[in-house]
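Fold and geometry: a report
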Amino acid sequence: MIGTVVLDIGETLTRDDRYWAAWADWLDVPRHTLSALVGAVVVDGRDNADAMRLLRPDIDIAAEYAAREAAGSGEWLDETDLYEDVRPALAELRAAGVRVVVAGNQTRRAGDLLRALDLPADLVVTSGEWGVSKPARAFFEQVLAVSGSPADETLYVGDHPANDVHPAQAAGLRTAHIRRGPWGHWWADAPEVRAVADWSIDSLAELPDIVRQ
């Protein structure tokens, strides 16, 4: 029985369109160029940020992020960044008595922006606020600390095999891999992902039925 559902953020709850478009504009390259490079690193199983390193091998991403903020071109999220199934699925989970936690690799700023959207969730927290990022085991230890349910009754939902599915499973959590975004689509049918994920889903709308099983 699943008592808590914990959800990744980027390409699970939110679209990354705005994120990558903003970086392309800041780096003064065509949006399609950066988008294509993101696809290339996804296929290689590399970190997303390597797409920017392919453009500028010596880039200091943290420094560039701070410069964007100082220039008024910083991070932003609003209702249009949410996938359409987010609010109804999370609301249905809570109505079923399931604790809903949002926890992913994002900045402190993203955490503030997400909480401002008043999602139907019991807790919204980011790696920037915890001081530890996926796939570190310490991140999933933090997940369990706020879950309110044992590991085998906590379901982690995400699109990224290396950051979400594999480390969550290694920490004893149940896992659902969502076919969404570049990582989710490219790796959805990979045998090593199918073998580890308890569920493979196409929409968050499938989660209420999963927790009722």
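The notes below deal with the structure included here. (Residues numbered from 1 in each chain as written. Predicted model: local features only at pLDDT ≥ 70, side-chain atom pairs only at ≥ 80, totals over all residues. Heavy atoms only, no water.)

1. Quick look at the overall build of the chain
Helix and strand content of the chain: 12 helices and 6 strands. Radius of gyration (C-alpha) of the chain: 17 Å, near the 17 Å computed for a compact globule of 213 residues. Along the three orthogonal principal directions, the C-alpha set of the chain runs to about 50 × 40 × 30 Å. A total of 213 residues make up the chain; the buried ones form 48% of that total. (Helix = DSSP H or I, 4+ residues; strand = E, 2+ residues; numbered from the N terminus. Rg over C-alpha atoms; globule rule 2.2 N^0.38 Å. Buried < 20%, exposed > 50% of the residue type's maximum accessible area, 1.4 Å probe, protein only.)

2. A look at unusual backbone geometry
Note that the residue after Lys134, namely Pro135, is joined by a cis bond; omega there is 10°. Looking at the element boundaries, Pro135 is found in the loop between α7 (127-130) and α8 (137-147). Positive phi outside glycine occurs at Asp28, with the angle close to 60°. Within the fold, Asp28 resides in the loop between α1 (17-27) and α2 (31-44). Residue Asp118 is not a glycine yet carries a positive backbone phi of 55°. Mapped onto the fold, Asp118 is located in the loop between α6 (108-116) and β3 (123-126).

3. Things to note about the nonpolar core
One broad trend across soluble globular proteins is that nonpolar side chains are buried collectively. Within the largest apolar cluster, 31 residues are counted, with the highest numbers of intra-cluster contacts made by Val5, Leu7, Leu155, Val157, Leu204 and Leu207. Elements with a minimum of two residues in this core: β1 (4-7), α5 (86-95), β2 (99-104), α6, β4 (154-158), β5 (174-178), β6 (199-201) and α12 (207-211). For this core, the element with the most residues is α5, which contributes 4 residues. If sequence neighbours within four positions are ignored, Leu207 has contacts with Val5, Leu7, Leu93, Leu155, Val157 and Ile201. With 18 residues, the next largest nonpolar core counts Leu27, Ala49, Ala190 and Val193 among its residues. (Core = buried A, V, L, I, M, F, W, Y, C linked by side-chain atoms within 4.5 Å. Contact = heavy atoms within 4.5 Å.)

4. Describing the sheet that holds β5
Taking strand neighbours across the sheet as the criterion, the 6 strands line up as β3-β2-β1-β4-β5-β6 in an open arrangement whose pairing is parallel. A single partner strand is all that each edge strand has here, and the edge strands are β3 and β6. Adjacent strand axes in the sheet meet at a mean angle of 20°, parallel and antiparallel pairs treated alike. For β1 and β2, the ladder comprises 4 bridges, and the chain directions are parallel. Within β2, the position partnered with Val5 by the bridge is Val100. (Pairing = 2+ DSSP bridges. Axes fitted to C-alpha atoms, helices over the stretch in contact; angles between N-to-C directions.)

5. Section: the pairing of β5
The two faces of the sheet receive side chains in turn, since in a regular strand these alternate between them. Of all 5 residues that make up β5, 4 are buried, and the element is covered over most of its length. Sheet analysis places β4 next to β5, joined by 4 bridges and oriented parallel. Looking across to β5, one finds that Val157 is bridged to Ala176. Looking at chain direction, β5 and β6 are connected through 3 bridges and run parallel. By the bridge assignment, His177 is partnered in β6 with Ser200.

6. A word on the packing of aromatic side chains
Applying the stated criterion across every chain, the model contains 5 aromatic pairs. For the pair Trp130 and Phe139, a centre-to-centre distance of 5.2 Å together with 70° between the ring planes defines the contact as edge-to-face. Each member of the pair Trp130 and Phe139 is classed as buried. Exposure remark for Phe139: the relative accessible area of 0% places this residue in the buried category. When the ring centre of Trp23 is taken as origin, the NZ or CZ atom of Arg68, which lies over that ring, is 4.6 Å away. (Phe/Tyr/Trp six-rings, centres within 6.5 Å; stacked < 30°, edge-to-face > 60°. Lys NZ or Arg CZ within 6 Å of the ring centre and 35° of its normal.)

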